[in-house]
Amino acid sequence: MSKIKKIRGFQDIYGENAKKYRYIVETARKIFEKYNFEEIILPFVEDISLFVRSVGEETDIVQKEMYVFTDRGGRQVALRPEGTASTVRAYIEEKMYAEGGYKKLFYEGAMFRYERPQAGRYRQFHQIGAEIFGISSPLADAQLIKMVKDILDSLNIQTTLEINTLGSFEDRKNYIKALKEYLNKYKENLCETCNVRIETNPLRVLDCKVESCKDITKEAPKITDFISEESLTRFEKIKDYLKALNVPFVENPRLVRGLDYYTDTVFEFTTDKLGAQNTVAAGGRYDKLVEQLGGPATPALGFAAGIERLMLLVENLPTEKPLISVISIADEFNIEALKLADALRKKELKVENIMKEGSLKSKMKLANKIGSKYVIFVSEKYELKNMETGEQEIFENKEDLIDILKDKF
Ligand code: HAM
């Protein structure tokens, strides 16, 4: 019979990779909590129009990457391609704005985009992310960026922070007009995709990786020349705060991001270790989105990081507790072995009760194979063996053995 395989672009995360996944999420979670963020657990499926109206009708995500289907009730739904839109929907729907003050939320989980799979790019991937609602001060931008840096630092991941400002939607409209005029002059030398994008999403031409396009956009009008005094002042403040917090950054006037909802600040943390998929975390402000989705006018900002990309960059996992295996040397000691394993686990130790039947030798072999650092042979007494040094110690009394192991690890 033919074997059923996983779907292209989807992954099984297990073994060492699953440990990395959990380590990343736990590390981020601790930092989110230090910064006083609360968790939100969001649905995987949303009404398709949520993403069309937020991420943007002309973006790649909405145009060609969403997993869209009609559910059995005839609703047009999509698997979430990102977490910001759902968080905004929840903020409005659950009337979180009514609590007053501002709201700081974080999330973790799977996202789905029908992209061409390659190293660091999958169709189901996972993000950790956070969003802040109800605060327009540039202090929030700087602190959010610092929090992302703290997460990356805790994971010992080296990155470059790139920042830019996109101004208001009004500023951008003027800029796009000038950019279009400029790009239209060089149409023949731009790649096919960029030719389409001049009309649909001209900002993305600035992102193009094709050399001839890059040459043309080098001389293109700069967004910073179209941005209001207010936005520029805000950007200056953010830069000052980042300097004060010792967060190094480079300004990248070509950084535009692939989602439409951004206003003012945008940023990306990139690495030179992942080839083309070099952005590990990214985000920015989206001061108009809450209102656009039917909520009260609410400034907001956030970020998300790709867990799989972080997994490719995390090198050392923290040391784990050693595995202790309990072996009953004959059937009559099985119950005592069960009880001992139970008592050790109550002391937070990591214990395998060797369940294999057969000779002592075969049980020992199995204990070795699964990586036991210690083995305890249970008979009328308890014999503790260090598998690395071969040292052995005999205990008449179970409590003494438990105490020693508990204190050791
Ligand atoms: P994004 O840039 O689309 O932004 O995604 C954020 C991060 O998710 C990327 O930098 C990357 O690390 C990871 N990522 C994206 N697509 C894939 C993929 N196909 N495979 C693996 N990893 C991927 C957002 O999603 C925004 N919601 C961020 C945000 C939050 N902005 C404001 N608040």
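Residues numbered from 1 in each chain as written. Predicted model: local features only at pLDDT ≥ 70, side-chain atom pairs only at ≥ 80, totals over all residues. Heavy atoms only, no water.

Novice: Quick question: what am I supposed to make of a negative patch on the surface here?
Specialist: The grouping of Asp331, Glu332, Glu357 and Glu380 at the surface amounts to a negative patch. If you trace the backbone, glutamate 357 turns up in the loop between strand E13 (350-353) and helix H13 (360-369). Overall, glutamate 357 belongs to the exposed group, its relative accessible area being 71%. (Patch = residues over 30% accessible without salt bridge, like charges linked within 9 Å, V, L, I, M, F, W, Y side chains within 5 Å. Areas by Shrake-Rupley, 256 points an atom, 1.4 Å probe, with all protein chains shown as cover. Salt bridge = Lys/Arg side-chain N within 4 Å of Asp/Glu carboxyl O. Lys, Arg positive; Asp, Glu negative; His and termini not counted. Charge placed at Lys NZ, Arg CZ, Asp CG, Glu CD. Helix = DSSP H or I, 4+ residues; strand = E, 2+ residues; numbered from the N terminus. Buried < 20%, exposed > 50% of the residue type's maximum accessible area, 1.4 Å probe, protein only.)

Novice: Please explain the nonpolar core as it appears in this structure.
Specialist: Note that soluble globular proteins tend to have their nonpolar side chains buried in a common cluster. Counting 52 residues, the largest nonpolar core has Val88, Phe133, Leu183 and Leu190 as its most contacted members. For this core, the element with the highest residue contribution is helix H4 (residues 84-93), accounting for five residues. If we ignore the near neighbours within four places in the chain, the residues touching leucine 190 are Leu183, Asn195, Ile198, Val205, Cys213 and Ile216. (Core = buried A, V, L, I, M, F, W, Y, C linked by side-chain atoms within 4.5 Å. Contact = heavy atoms within 4.5 Å.)

Novice: So what exactly am I meant to see when it comes to the site of the ligand here?
Specialist: Looking at the ligand, there are 26 residues lining it, with Glu82, Thr84, Glu115, Glu131 and Tyr262 nearest. The separation between a nitrogen atom of the ligand and a polar side-chain atom of glutamate 82 is 2.5 Å. Between an oxygen atom of the ligand and a main-chain N or O atom of threonine 279, the distance comes to 3.0 Å. Relative to its unbound accessible area of 660 Å², the ligand is 96% covered by the protein chains. Elements with a contribution of two residues or more to the shell around the ligand: strand E6 (124-133), strand E10 (279-285) and strand E11 (300-306). The element best represented in the shell around the ligand is E10, accounting for six residues. The residue inventory of the shell around the ligand, partitioned by class, reads 11 nonpolar, eight polar and seven charged. (Near = heavy atom within 4 Å. Polar contact = N/O pair within 3.5 Å; in protein donor to acceptor, adjacent residues only side chain to side chain. Nonpolar A, V, L, I, M, F, W, Y, C, P; charged D, E, K, R; others polar.)

Novice: Hey, could you run me through the sheet that holds strand E1 (residues 38-39) in this one?
Specialist: For sheets, the rule is that strands pair by backbone hydrogen bonds, running either parallel or antiparallel. The mixed open sheet is built from eight strands, whose spatial order is E1-E5-E6-E11-E10-E9-E7-E8. Either end of the sheet is taken by a strand with one partner, and the two such strands are E1 and strand E8 (250-251). Strand contacts of helix H1 (residues 15-34): E1, strand E5 (103-112), E6 and E11, with the helix running at about 0 degrees to E6, the strand carrying the most contacts. On the sheet, helix H9 (residues 229-244) packs against strand E7 (160-165), E8, strand E9 (265-270) and E10 and is oriented at approximately 160 degrees with respect to E7. (Pairing = 2+ DSSP bridges. Axes fitted to C-alpha atoms, helices over the stretch in contact; angles between N-to-C directions.)

Novice: Help me understand the pattern of salt bridges, please; the structure alone is not making it clear to me.
Specialist: Opposite charge on two side chains allows them to pair when their charged atoms are near. Tallying each qualifying case throughout the model produces 32 salt bridges. One salt bridge connects arginine 89 with glutamate 46, and the closest N-O pair in it is separated by 2.7 Å. With arginine 89 in helix H4 and glutamate 46 in strand E2 (residues 45-47), the pair connects residues that are 43 residues apart, well separated along the chain. Since its relative accessible area comes to 6%, glutamate 46 is described here as buried. Here lysine 214 ties to glutamate 211 by a salt bridge, and the two come within 3.6 Å at their closest N and O atoms. Of this pair, lysine 214 and glutamate 211 both sit in helix H8 (residues 211-218), three residues apart, which is roughly one turn of the helix. Through salt bridges with shared partners, a single ionic network connects Asp141, Arg234, Asp264, Arg285 and Asp287.

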